Amino acid sequence: MSKAFAKETDLVLAFRGWLQERRWSTSTIPNGDGWTVYPETAGWDLLLAHDAHGMQIGIEAKLSLNAKVLEQALPPYRWAAEVGPDYRAVLVPGDSCQHHMASLAAHLGVTVITIDAEHEEYERRRGRFWRCTAELPTEIREYSDRNWFSWLPTTRETLPEYVPDVCGGDSAPVALTPWKVKAIKLLILLERRGAVTRRDMKALELSPSRWTAPYHGFLAPSPDGYVRYERTPDLKAQHPRNWAEIEADFDRWNPDAQPDQTQ
């Protein structure tokens, strides 16, 4: 077990900090020549997507390089995956990486990325906090090299409409699912109007029965429509940044501004 990191989220935060330090993250590259990091997406702790050509890297994080994390990085039934990222990787602390496991990972087509805390004096002089073994691929290849192994998927992972505002690597992640994005839209509509209707739910492709069912629905009936009560989920608290982003796009998805599809 690693001595440098107490939990997997610390490891992920270190890696994401290293990405920004290397100017490889979208947040520091306005011209789109970087990577967008999607945490807790499509079953990956981190899913990286290149802004220029869409190449993807799926990453699973663990505090030690073991059989479990390799299994998580592999497709469930066969070596060649039709749907998935271009490259598969595991992120582990450098002090937990055993040579024979790293060799096995290479045979399986999984890249091992290790990260360590830099020496204190190096941190003070250079302002760099992490040392990472990764040199991310810069182009899509139909062949593998000694560090990255092309999986050549027919279809890449589906990216969410919004980048999830979570860290990644949490043992009980609060994922931003497509359903949750639609639910946030409904709750924003509810916040603005005070009540919503079954037609609003259908327009947002949500099941009205799940939201309005007696005793276990998320909303309660009222003379004006359906309103909040104690069972209504607090998605604003779960995803504050995503809530603000979705609300900023209100004019684009507002059901009142869309053609009526219920006729």
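Residues numbered from 1 in each chain as written. Predicted model: local features only at pLDDT ≥ 70, side-chain atom pairs only at ≥ 80, totals over all residues. Heavy atoms only, no water.

A. The layout of surface pockets, seen in detail. Of the pockets and cavities examined, the second largest pocket occupies roughly 270 Å³. Those elements giving two or more residues to the lining of the second largest pocket turn out to be α3 (99-108) and β5 (110-117). Top element by residues in the lining of the second largest pocket is β5. It accounts for four residues. (1 Å grid on protein atoms, 1.4 Å probe; cavity = no way out; pocket = protein on both sides within 12 Å on 5 of 7 lines; lining within 4 Å. Points joined across faces, edges and corners; volume = space filled by probe spheres on them. Helix = DSSP H or I, 4+ residues; strand = E, 2+ residues; numbered from the N terminus.)

B. Inspection of the pattern of salt bridges at higher detail. If you walk through the whole model with that rule in mind, you get eleven salt bridges. A salt bridge links E161 to R252; its shortest N-O distance comes to 2.9 Å. A residue pair is termed long-range when its members are at least 10 positions apart, and E161 in the loop between β6 (130-132) and α5 (178-193) and R252 in helix α10 (residues 250-253) qualify at 91 residues. A residue is classified by how much of its surface remains accessible, and E161, at 45% relative accessible area, is partly exposed. R252 gets classed as partly exposed once you look at its relative accessible area, which sits at 48%. Across the salt bridge formed by E205 and K182, the nearest N and O atoms sit 3.4 Å from each other. Taken together, the residues E205 in the loop between α6 (198-203) and α7 (208-212) and K182 in helix α5 connect sequence positions 23 residues apart. Note on K182: relative accessible area 26%, which makes it partly exposed. Among the charged side chains, a salt-bridge network with shared partners connects E161, K185, D249 and R252. (Salt bridge = Lys/Arg side-chain N within 4 Å of Asp/Glu carboxyl O. Buried < 20%, exposed > 50% of the residue type's maximum accessible area, 1.4 Å probe, protein only.)

C. Structural detail: helix α9 (residues 240-248). Taken as a whole, α9 has its buried residues at N242, W243 and I246. One face of α9 carries all of its buried residues, which in axial projection span an arc of 105°. Looking at the buried residues of α9, the elements they touch are α5, α8 (235-238) and α10. (Arc of directions from axis to C-beta. Contact = heavy atoms within 4.5 Å.)

D. Geometry of the packing of aromatic side chains. Applying the stated criterion to the full structure yields six aromatic pairs. Ring centres of W179 and W211 lie 5.9 Å apart, and the angle between their planes is 25°; this geometry places the pair in the stacked category. In this pair, W179 sits in helix α5 while W211 sits in helix α7, placing the two residues 32 residues apart along the sequence. Its relative accessible area of 37% is what places W179 among the partly exposed residues. When the ring centre of W151 is taken as origin, the NZ or CZ atom of R88, which lies over that ring, is 4.7 Å away. One residue, R192, lies across the ring of F250, its end atom 3.9 Å from the ring centre. (Phe/Tyr/Trp six-rings, centres within 6.5 Å; stacked < 30°, edge-to-face > 60°. Lys NZ or Arg CZ within 6 Å of the ring centre and 35° of its normal.)

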